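One-letter residues, chain by chain:
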Amino acid sequence: MKQNVREAMLYEPLPNSRVRCNVCQWRCVVGPDKFGVCRVRQNRDGKLFVLNYALASSTAVDPIEKKPLYHFVPGSQVFSLGGWGCNFHCQDCQNWEIACTDIPPDASQIVTPEATIEVTRRYNAAGIAWTYNEPGIWLEYTLDSAKLARQNKLYTVYVTNGFSTPEALDIIGPYLDAWRVDIKGFSDAFYRNLAKVTKWRGILDVTKRAQEKWGMHVEAVTNIIPTMNDDEEQLRGIANWICLELGELTPWHVTRFYPHHRINNLPPTPTATLERAIAIGHEAGLRFVYAGNIPGHPSESTTCYSCGKLVVRRHGYQVQLMGLVGSKCRFCGAELNFRTTVK
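Now for a description of the structure that goes with this document. Per-chain numbering applies: the sequence of each chain, read as written, is numbered from 1 onward. Totals for whole chains, interfaces and linings use all residues, but because this is a predicted model, local features are given only for residues with pLDDT of at least 70 and pairs of side-chain atoms are given and counted only at 80 or more. Only hydrogens and water are set aside; all other atoms, that is, all heavy atoms of the structure, feed into the side-chain values.

**Concerning the state of the cysteines**
Operational definition: Note on disulfides: each one is a pair of cysteine sulfur atoms within 2.5 Å.
Applying the stated criterion to the full structure yields 0 disulfides. Not part of a disulfide, Cys24 finds its nearest cysteine sulfur in Cys28, a span of 5.7 Å. In this model Cys332 remains outside any disulfide bridge; the closest cysteine sulfur is found in Cys304, 3.6 Å from its own.

**Focus: the pattern of salt bridges**
To be explicit about the condition: Salt bridges are defined as contacts in which a side-chain nitrogen from Lys or Arg sits within 4 Å of a carboxyl oxygen from Asp or Glu. Helix and strand assignments come from DSSP, with helices taken as H or I runs of at least 4 residues and strands as E runs of at least 2, each series counted from the N terminus. Three exposure classes are used, based on accessible area relative to the maximum for each residue type with a 1.4 Å probe and protein chains only: buried under 20%, partly exposed in between, and exposed over 50%.
Scanning the model with the defined rule gives 18 salt bridges in all. As a salt-bridge pair, Glu245 and Lys208 come within 2.4 Å of each other at their nearest N and O atoms. Of this pair, Glu245 sits in helix H7 (residues 232-246) while Lys208 sits in helix H6 (residues 201-212), and the two are 37 residues apart along the sequence. Taking the relative accessible area as the measure of exposure, Glu245 reaches 29% and is therefore partly exposed. Judged by relative accessible area, Lys208 falls into the partly exposed class, the value being 25%. Salt bridges sharing common partners tie together Glu232, Arg236, Arg276 and Glu283.

**Focus on the pairing of strand S10 (residues 155-160)**
Applied cut-off: DSSP-based pairing: two strands are paired if at least 2 bridges between them are found. The handedness of a crossover follows from its direction of travel: if, with the strands pointing away from the viewer, the path from the first strand over the helix to the second runs clockwise, the crossover is right-handed.
Across the 6 residues that make up S10, a large majority, 6, are buried. Along S10, one buried face is formed by Tyr155, Val157 and Val159 and the opposite face, lined by Thr156, Tyr158 and Thr160, is buried too. Examined bridge by bridge, strand S9 (residues 127-130) and S10 share 4 bridges and lie parallel to one another. The residue of S10 that forms the bridge with Trp130 is Tyr158. Viewed along the sheet, the connection from S9 through helix H3 (residues 139-151) into S10 turns out right-handed. Where S10 lies against strand S11 (residues 178-182), 4 bridges are found, and the strand directions are parallel. Pairing of Val159 across the sheet is with Arg180, part of S11. Note on the crossover from S10 through helix H4 (residues 166-172) to S11: the handedness is right-handed.

Encoded structure:
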């Protein structure tokens, strides 16, 4: 197995050569020679090591809208990297081949932080996104890369399940521009069923902290799975929380589920279900609710809630800026919560 090993951050020694990892909210207690839930952090002789520093599973240059981020540097290209492993093992995982696995014996794609900057520049991308699997478990590597990105005036994005600890968030927070978070559902039963996660409300706390303490641009995604999280109680819970805690201008993406991984007995989400979720979002007070995985749906584009003018036209990943001046509507001056420049 190709490994790029570093001593981990954010762990504490415990009796009998055990350690507690504090990178994500599992806070795994790891015995000698054992691994945490993520399968990329191992206790070796009473010290915790991360085994995949700079070891990438996937790389691509993507439109930022693919993350999806609709109000963050629209129309830009982003260099995207994924690692190995995950601290969630969701039954509907779209990237289970890299997330729900150990590091494979033939894994060999090493992309150093310096190489990340070089590739981003080479392809004229505006920033870097850690995505495809959970970036929070890649903390040491993403931190080093994000610091270099900040020095080179490149933006940085986590596409995350939001399960990082507050301590981990505060380490990377000064160097991270956008927090694209999954709010998968809004009930204990759903999170247990989907990913065996019980203390899911910590996701909400860390997301609010990312926005309030570190000024990150936040957009939320809910993949709506028929019979699992498509009930009105959960959808209203998500929409109300976003509006009350993150603000009415926070984008909410409600995306179509397709059968995948261990959930192959359910149909794709009906368009009517997504349109009902959009209506629920608007009823909760959200100004921007977008349907995902339905190319050409009218909700893909951004319309000013104040004057009704079209300000960003989207079709799939094709983007046309029609009426933006900075973060505001060009036609009436309403604030639309767009981040068009970075620190």
